[in-house]
Each structure stands twice: as C-alpha cells, then as structure tokens.
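# Working through the structure, step by step
These are the residues of each chain, in order.
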Amino acid sequence: MRRIGLLGGMSWHSSIEYYTKINAAVAKQLGGHHSAQILLDSTDFADIRAMQVAEDWAGNDAALAATGQRLVEGGAEAVAIATNLMHKCAPAVETAVDVPLIHIVDSIATTAKRRGYSTLAVLGTKWTMLDGFYTERLEAQGIRTLVPDEETCLEVDQIIFDELTQGVFTDASRARYVEIMNDLKARGADAVALSCTEIGLLVPPETAPLPAIDSVDAHVAAIVEWMMAEEPALAAV
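Now for a description of the structure that goes with this document. Everything quoted here is computed from the prediction, not taken from an experiment.

Let's shift gears to the overall build of the chain. Scanning the chain from terminus to terminus reveals 11 helices and seven strands. Taken against the 2.2 N^0.38 rule, which gives 18 Å for 237 residues, the C-alpha radius of gyration of the chain at 18 Å falls within 12% of a compact globule. Projected onto the principal axes, the alpha-carbon positions of the chain cover approximately 60 × 40 × 35 Å. Residues counted as buried form 51% of the 237 residues belonging to the chain. By sequence separation, contacts in the chain at least 24 residues apart represent 74% of the contacts at least 6 residues apart. By element, 51% of the accessible surface of the chain is carried by carbon and sulfur atoms, the whole surface being about 10600 Å². The chain carries 17 positive and 33 negative side-chain charges, and their two centres are separated by 6 Å.

This brings us to the pattern of salt bridges. Opposite charge on two side chains makes pairing possible when the charged atoms of those side chains draw close. Within this structure, the stated rule accounts for eight salt bridges. Here Lys21 ties to Asp217 by a salt bridge, and the two come within 2.7 Å at their closest N and O atoms. Highlighted residues: Lys21 in helix α1 (residues 12–30) and Asp217 in helix α11 (residues 215–228), separated in sequence by 196 residues. By relative accessible area, which is 34% here, Asp217 ends up partly exposed. For the salt bridge of Arg70 with Asp41, the shortest nitrogen-to-oxygen distance reads 2.9 Å. Here Arg70 is found in helix α3 (residues 57–73), whereas its partner Asp41 is found in strand β2 (residues 38–42), with 29 residues between them in sequence. Salt bridges here are not isolated pairs; linked through shared partners, they connect Glu17, Lys21 and Asp217.

What follows covers a negative patch on the surface. On the surface, Asp149, Glu150, Glu151 and Asp183 cluster together to form a negatively charged patch. Residue position: Glu151 is located in helix α8 (residues 150–162).

Let's shift gears to α11. With 14 residues, α11 extends 20 Å from end C-alpha to end C-alpha; this agrees with the ideal 20 Å at 1.5 Å per step. Every buried residue belonging to α11 is among Ser215, Val216, Ala218, His219, Val220, Ile223, Val224, Trp226 and Met227, and all of these are buried. Residue Asp214 occupies the N-cap position of α11, its side-chain oxygen lying 2.9 Å from the main-chain nitrogen of Val216.

Strand order in the open sheet made by the three strands is β2-β1-β3, with parallel pairing throughout. Edge positions in the sheet fall to β2 and β3 (78–81), since each of these pairs with one other strand and no more. Across the sheet, the mean angle separating the axes of adjacent strands is 20° when strand polarity is ignored. With five bridges connecting them, strand β1 (residues 4–8) and β2 associate as parallel partners. Bridge pairing in β2 places Gly5 opposite Leu39. Contacts from α3 reach β1, β2 and β3 within the one sheet, and its direction differs from that of β1 by about 150°.

Counting 77 residues, the largest nonpolar core has Ile4, Ile22 and Leu120 as the members making the most contacts within it. Setting aside residues up to four positions removed in sequence, Leu120 forms contacts with Ile108, Ala112, Leu138, Ile143, Arg144, Thr145, Leu146, Asp190, Ala191, Val192, Ala193 and Ile213.

Conventions and cut-offs
Residues numbered from 1 in each chain as written. Predicted model: local features only at pLDDT ≥ 70, side-chain atom pairs only at ≥ 80, totals over all residues. Heavy atoms only, no water. Helix = DSSP H or I, 4+ residues; strand = E, 2+ residues; numbered from the N terminus. Rg over C-alpha atoms; globule rule 2.2 N^0.38 Å. Buried < 20%, exposed > 50% of the residue type's maximum accessible area, 1.4 Å probe, protein only. Contact = heavy atoms within 4.5 Å. Areas by Shrake-Rupley, 256 points an atom, 1.4 Å probe, with all protein chains shown as cover. Lys, Arg positive; Asp, Glu negative; His and termini not counted. Charge placed at Lys NZ, Arg CZ, Asp CG, Glu CD. Salt bridge = Lys/Arg side-chain N within 4 Å of Asp/Glu carboxyl O. Patch = residues over 30% accessible without salt bridge, like charges linked within 9 Å, V, L, I, M, F, W, Y side chains within 5 Å. Expected span 1.5 Å × (residues − 1). Polar contact = N/O pair within 3.5 Å; in protein donor to acceptor, adjacent residues only side chain to side chain. Pairing = 2+ DSSP bridges. Axes fitted to C-alpha atoms, helices over the stretch in contact; angles between N-to-C directions. Core = buried A, V, L, I, M, F, W, Y, C linked by side-chain atoms within 4.5 Å.

Scope: geometric values only; no functional claims are made or implied.
Laid out in structure tokens, this is it:
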C-alpha cells in the first residue's frame, strides 16, 4: 500500500470524511485489521480563509506548497488537496513537490465519463464556479459544464462559508440548493457535481433532484485506486 499525504483542514468537517472514507475503502478491499497509510496536515483554515477573502492567491499558493513539502518530507508518496476550491493552488503544489498530485477535477471527470454523463452542473464556491480553473479542466476532458448565474453563485458561496464550512447545515439552505439544482437540470444538466467538499453533507447525493457526483467520494476513489495500485515492474538492468 502506498502512503498518501492529505492537505486538510479546509474545512476539517470534510477532512473527517476523507479520513473515514479512505480507511473504509482500504478495509473493504483488504479485510481484517487493515487501514490506510495516511499523512494528514490539517491547517488552521482561518489563515487560508483570510487570504481567500483578500484575493491573496500567491499567499495561498505558498501556504499549500509548504504543506505539500512537509507531507513529502514526512514520507508521502503522493499528495491530495482535500478541498475543491484550493485546487486553484494545485499548480503551485505540483511545482513544489516531486511526487504525484491526485487532482479532484480529474476524479470527477473520470466518474462522469464512467456513468455516462455529458453535462455537469457545478456547485461550489464562487471561484470554483466562475474562475475557470475548475470548469475549464472539466471541459478539456470532454465534459460540458453549467453554473448558476452570478447572483446565485454568490448566494451558494455565502452559504458555504457562513454555514457549511463551520458545520452548520440547515433545512432552508438544503431546500435552496435543491431548488438551484432543479434550475440547472432544467437548463440541460444530466448530473450535478457537488464541487465543495461540504455540499454532500448538506445534500447527500441520494437526495439530490438529479444524479450527483460527490466530489469527496470521487476523489477518495481515485486516491484509494492509487494507494492500492501495484508498483510498475522495474526495467531489467
């Protein structure tokens, strides 16, 4: 089993889901007392959030790059950023480490293709929906994307940061997210990507009004697949 390094704490509510689901998948595959080899660096999210609000992405690049380096120095053989939005900093992390980065958008694209979805509604933070780093990566892999109008994007973003990342999950916000999903379904989405790692805690995929890809589940599947893959045979000398 390979050792994964998780850049976590953004927020810790979803980092728990990563830790639990990775271990459950490994235990299911190997049985007995097996559990996953995980290194977790859990940041103080307040620091990251302050830089988000200030649009200090260079600062966040530096912070996540340093986290990735710590994980690799600790023995991680690959790293994964346990949040959708902070994949905005993925290029900086990839540059800073000499191990693979398992990208959350690629895992969603793989899941969408496997299930036969061609048009994904994307729900997440305002940057995830509007900045292009996320939707353009999906589009490059043949997945058409839809996002709400800008005003609705800001509403979705506000609920994420005022509630979900602080562990608050209300019926009113759940109903509003379902309404937004229905609007995107009417515009032609054949599935929705829950592209904030806390959205699946508010609207579990089985309760969504159209097929849903929980970004945590898709990312965990890709992480575990990498962890359990056999090392390629060494070439004969």
